[in-house]
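A structural walkthrough
Here are the chains, one letter per residue:
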Amino acid sequence: MAIVLLAFTALSHPVCAHLVPISWGFPVFIQNNSLTGLQTQMQAASDVENVNIGFNGAGFGSLFGGAFPNIGQFSHQNALATSLGFADQRQSTTFAYPYLSIGGAPVPGMGFL
């Protein structure tokens, strides 16, 4: 009989719960970003020209007893261009805020104290 009475008492007792967060403090968010870039360029150009024109006693000029002299031209051009670029970017963000529990506890976040 005592066991039945104990079981009836346990089943008839109302169930309740206090849902108060048990956490507090200062959450911190940290974000770090970095970007590094290296760029290199090289350009080379070469131009070689050679022209030789010769009238050595032949052609129209030889009818009059002479000829145009030899004409020679040589041209050599070089161009070289280089470029180097470097970039380094760093960013850091830190954000913190106080976390306070909301509930019926006398000390926020401390549950049933």
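Reading the values: rules and limits
- Residues numbered from 1 in each chain as written.
- Predicted model: local features only at pLDDT ≥ 70, side-chain atom pairs only at ≥ 80, totals over all residues.
- Heavy atoms only, no water.
- Helix = DSSP H or I, 4+ residues; strand = E, 2+ residues; numbered from the N terminus.
- Contact = heavy atoms within 4.5 Å.
- Areas by Shrake-Rupley, 256 points an atom, 1.4 Å probe, with all protein chains shown as cover.
- Phe/Tyr/Trp six-rings, centres within 6.5 Å; stacked < 30°, edge-to-face > 60°.
- Buried < 20%, exposed > 50% of the residue type's maximum accessible area, 1.4 Å probe, protein only.
- Salt bridge = Lys/Arg side-chain N within 4 Å of Asp/Glu carboxyl O.
- pLDDT = per-residue confidence, 0-100.

In terms of helices and strands, the chain carries one helix and two strands. Within the chain, counting contacts between residues at least 6 apart in sequence, those at least 24 apart form 81% of the total. Accessible area for the chain stands at about 10300 Å²; split by element, carbon and sulfur atoms hold 64% of it.

Glancing now at the packing of aromatic side chains. Applying the stated criterion across every chain yields a total of one aromatic pair. Taken together, a centroid distance of 6.5 Å and an interplanar angle of 20° make the contact between phenylalanine 29 and phenylalanine 95 stacked. One end of the pair, phenylalanine 29, is in strand S1 (residues 28-53); the other, phenylalanine 95, is in strand S2 (residues 71-96), and 66 residues separate them in sequence. Its relative accessible area of 49% is what places phenylalanine 29 among the partly exposed residues.

Let's shift gears to the pattern of salt bridges. Following the criterion strictly, the structure yields one salt bridge and no others. Between aspartate 88 and arginine 90 there is a salt bridge; the shortest N-O distance is 3.4 Å. Of the residues examined, aspartate 88 reaches a relative accessible area of 41% and is grouped as partly exposed.

Mapped onto the elements, serine 75 comes out in strand S2. Excluding its chain neighbours within four sequence positions, the residues that come into contact with serine 75 are Asp47, Val48 and Glu49.

On to the confidence of the model for the chain, then. For the chain, mean pLDDT is 76; residues scoring 70 or higher make up 63% of the total. Mean pLDDT across the secondary structure elements of the chain bottoms out at helix H1 (residues 2-12), with 79, and peaks at S1, with 92.

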